[in-house]
Amino acid sequence: MNTPNLSIILVSYNTVAYITRALASVYQETLETSFEVIVVDNASTDDSVAALRQQFPQIKLIESKQNLGFAGGVRLGVAQASGHYLLLLNPDTVILDNAIDKLVKFAQQYPNNGIWGGVTLNNDLSLNSQHAWEKPTFKNLLFSALGLSKTFNKSAFFNSANYGDWARDSIKEVDILSGCFFLTTRQLWDQLGGLDASFFMYAEEADYCLKAKALGYQPIVTPDARIIHHGGVSHSHFSGKMIKLLKGKVELIHRHIPAYKRPFYKALLSLYVWNKHIQHKFLKAGTEAQLEWQKVIEQRANWQQGYH
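Since we're looking at a predicted model, the values are computed, not measured.

Peer 1: Could you give an account of the nonpolar core, with specific residues and numbers?
Peer 2: In this structure, Val-74, Ile-115, Leu-177, Leu-195 and Tyr-208 are the most contacted members of the largest nonpolar core, which totals 34 residues. Taken together, the elements giving at least two residues each to this core come down to β1 (6–12), β2 (35–42), α3 (69–78), β4 (85–89), β6 (115–121), β10 (176–177), α7 (186–192) and α8 (204–214). Tallying contributions element by element places α8 first for this core, with five residues. Setting aside anything within four residues of it in sequence, one finds Val-74 in contact with Ile-9, Val-11, Leu-88, Trp-189 and Leu-195. Membership of the second largest hydrophobic core comes to 31 residues, among which are Ile-8, Val-37, Val-39 and Trp-116.

Peer 1: Summarise the pattern of salt bridges; cite the residues concerned and give the values.
Peer 2: Following the criterion strictly, the structure yields 10 salt bridges and no others. In this structure, Asp-175 and Lys-213 form a salt bridge, with 3.4 Å as the shortest nitrogen-oxygen distance. Taken as a pair, Asp-175 in the loop between β9 (172–173) and β10 and Lys-213 in helix α8 lie far apart in primary sequence, 38 residues in all. On the accessibility criterion, Lys-213 (25% relative accessible area) is partly exposed.

Peer 1: Can you tell me about the packing of helix α1 (residues 16–29) against helix α2 (residues 48–55), naming the residues and giving the values?
Peer 2: Interaxial distance between α1 and α2 falls to 9 Å at its minimum, and their mutual angle equals 25°. Between α1 and α2, the angle is such that the two are roughly parallel. Here α1 and α2 pass one another in a crossing that is right-handed. Between α1, through Val-16, Ile-19, Thr-20 and Leu-23, and α2, the contact on the second element is made entirely by Ser-48, Ala-51, Leu-52 and Gln-55. Here the residues of the contact of α1 with α2 sort into five nonpolar, three polar and no charged.

Conventions used here
- Residues numbered from 1 in each chain as written.
- Predicted model: local features only at pLDDT ≥ 70, side-chain atom pairs only at ≥ 80, totals over all residues.
- Heavy atoms only, no water.
- Core = buried A, V, L, I, M, F, W, Y, C linked by side-chain atoms within 4.5 Å.
- Buried < 20%, exposed > 50% of the residue type's maximum accessible area, 1.4 Å probe, protein only.
- Helix = DSSP H or I, 4+ residues; strand = E, 2+ residues; numbered from the N terminus.
- Contact = heavy atoms within 4.5 Å.
- Salt bridge = Lys/Arg side-chain N within 4 Å of Asp/Glu carboxyl O.
- Axes fitted to C-alpha atoms, helices over the stretch in contact; angles between N-to-C directions.
- Parallel < 35°, antiparallel > 145°, perpendicular 65-115°, else oblique.
- Left-handed = near helix turned anticlockwise from the far one by under 90°.
- Nonpolar A, V, L, I, M, F, W, Y, C, P; charged D, E, K, R; others polar.

Here you go:
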């Protein structure tokens, strides 16, 4: 059997309806790249495993006995991967118009970058800009905390964190790429030690990108490779997702921001949460959204510590 050029790694947790659609799109839309698919099931309690075995007997299916999170699950999958390239793909995605083939070709055209990504769309094919970010800075955290990045989301000044002035119609070098559609080489993966499993979920790909940039690699995006990404389908409650997001962001600050700046950056994250809490308390009192933000506030001693 020939060694595939690409290993596609998906980590699933109770996402049977999504992951079967994702895999169907992978096989339908990937026609020029030799690839293998490795699915790590993180101890799902739905019928994911049975459905995957029945519908996609050709995949490598790894059944974890416990939920290892995203980074831990990916590491388990990569341990059995044989491809030159590794593609991290979320189960709540749909491959469009040969996007994987296009992304691999893009990587071959820009071999020195080390990390490559495409553009994400919503289910209605409108742009979903949450696939590339600037590294944390005092300015972008301040504008996020004050709501200015959202109010002026097309502004390069106020929304630099999300590259607000970039129409996603051109090639662009970025600081951080989303792990939902994330191509890297096995060589760089091994050089960096892979995703850090201490990030249970969220910010692990940011940590990987920033470590790669420190070694001279530059994450880069092509507008030609486009996928649908739903986002957050493994979470039933907003507060659970937000707490993990905040823990990841705090951990990223601990690892990649100089010590003298860390208290200010963490204070701005807290300001963001307090502003959201106050807005919902007065404008949406009694709603589910208000109660979820209340939970995030109540758990602040937890997420303010990061993952350690």
